[in-house]
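Examining the three-dimensional arrangement
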Amino acid sequence: MDDFLSILKESSATIEIEKSKFISYAVPVETEAEAIDFINEIKKKNYNATHNVSVYSLRSGNNLRRYSDDGEPSGTAGMPTLGVIQNKNLMDICLVTTRYFGGIKLGAGGLVRAYAESANACLSASKIIKYEKMTHYILTVSYDLFNSLLYLLKTKDILVGETTYMENVSISIYLREIEKNLLTELIDMSASTIQIKENSTRYIACEDNKILSVKELI
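Residues numbered from 1 in each chain as written. Predicted model: local features only at pLDDT ≥ 70, side-chain atom pairs only at ≥ 80, totals over all residues. Heavy atoms only, no water.

Further remarks concern the overall build of the protein. Assigned secondary structure in the protein consists of 6 helices and 11 strands. Its C-alpha radius of gyration of 23 Å places the protein more than 25% over the 17 Å reference for a compact globule of 218 residues. C-alpha extents for the protein along the principal axes are approximately 75 × 30 × 25 Å. Buried residues in the protein amount to 45% of all 218 residues. Sequence-distant contacts, at least 24 apart, represent 71% of the contacts inside the protein between residues at least 6 apart. About 11,400 Å² of surface is accessible on the protein, with carbon and sulfur atoms providing 47% of the total. Considering the protein, the positive charge centre built from 24 side chains and the negative charge centre built from 28 side chains are found 7 Å apart. (Helix = DSSP H or I, 4+ residues; strand = E, 2+ residues; numbered from the N terminus. Rg over C-alpha atoms; globule rule 2.2 N^0.38 Å. Buried < 20%, exposed > 50% of the residue type's maximum accessible area, 1.4 Å probe, protein only. Contact = heavy atoms within 4.5 Å. Areas by Shrake-Rupley, 256 points an atom, 1.4 Å probe, with all protein chains shown as cover. Lys, Arg positive; Asp, Glu negative; His and termini not counted. Charge placed at Lys NZ, Arg CZ, Asp CG, Glu CD.)

Moving on to the pairing of strand S3 (residues 20-28). By the criterion of burial, S3 is predominantly enclosed, with 7 of the 9 residues buried. Of the strand pairs in this sheet, strand S2 (residues 11-17) and S3 are connected by 7 bridges, and their pairing is antiparallel. Considered in S3, the bridge of Ile17 is made with Ser20. From the end of S2 to the start of S3, which pair antiparallel, there are 2 residues, and Glu18 there has a positive phi angle of about 50 degrees. Bridge count for S3 against strand S6 (residues 93-100) is 8 bridges, and the pairing is antiparallel. By the bridge assignment, Tyr25 is partnered in S6 with Val96. (Pairing = 2+ DSSP bridges.)

It is worth spelling out the nonpolar core at this point. In terms of nonpolar packing, the biggest core is built from 17 residues, with Leu139, Leu149, Leu153, Ile173, Leu175, Leu182 and Leu186 touching the most fellow members. Within the residue set of this core, elements represented by two or more residues are strand S7 (128-141), helix H5 (143-155), strand S9 (169-175) and helix H6 (182-189). Sorting elements by how many residues they give to this core places H5 first, with 5 residues. Beyond its immediate stretch of four places on either side in the chain, Leu186 contacts Leu139, Leu149, Leu152 and Ile194. Membership of the second largest hydrophobic core comes to 14 residues, among which are Ile7, Ala13, Val55 and Ala119. (Core = buried A, V, L, I, M, F, W, Y, C linked by side-chain atoms within 4.5 Å.)

Structure representation (structure tokens):
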């Protein structure tokens, strides 16, 4: 997997349909244990609700996906919620929709639409971010080459991290696979005096050349 979409942080949304209240909660997760903990937390919070329908989709476990109708007719709650997540190509996410029954039955078709609408409302309130596979490098150069290095990184729109000033200057960068030819340019620019240390490869989500979130490879 080269890249994937997820959400940055927890979000929620509430809608009302035929006097039934639907509250959807979404949270980023990385493991099944985290997803189950979140589901149990929402169930505890809404212990008196009619239903707490849950769905999670993970990179781990060979793209593990699970859903529960939690007492709603089979196929009317968990599956349409999962469908919304899949249509948006989201991974590492858990979504729980709490329903407080308002006294009017919606029928199978009405339930499908209601749970899908609630999930969509929640995800519309979420910040969706793209994780890309990048390799972390530390570049060390002399001070007289530092400005030239920064200029080259800026013109190539390279994701830059922390800079350390000591006897020489060390700067962290993150490269996608298609950007790794930059390393050859750096060697040429510095007449082979630059030191390049390769560290780990991870999934990085960034915005405006700033790191929003980091996930390990699975």
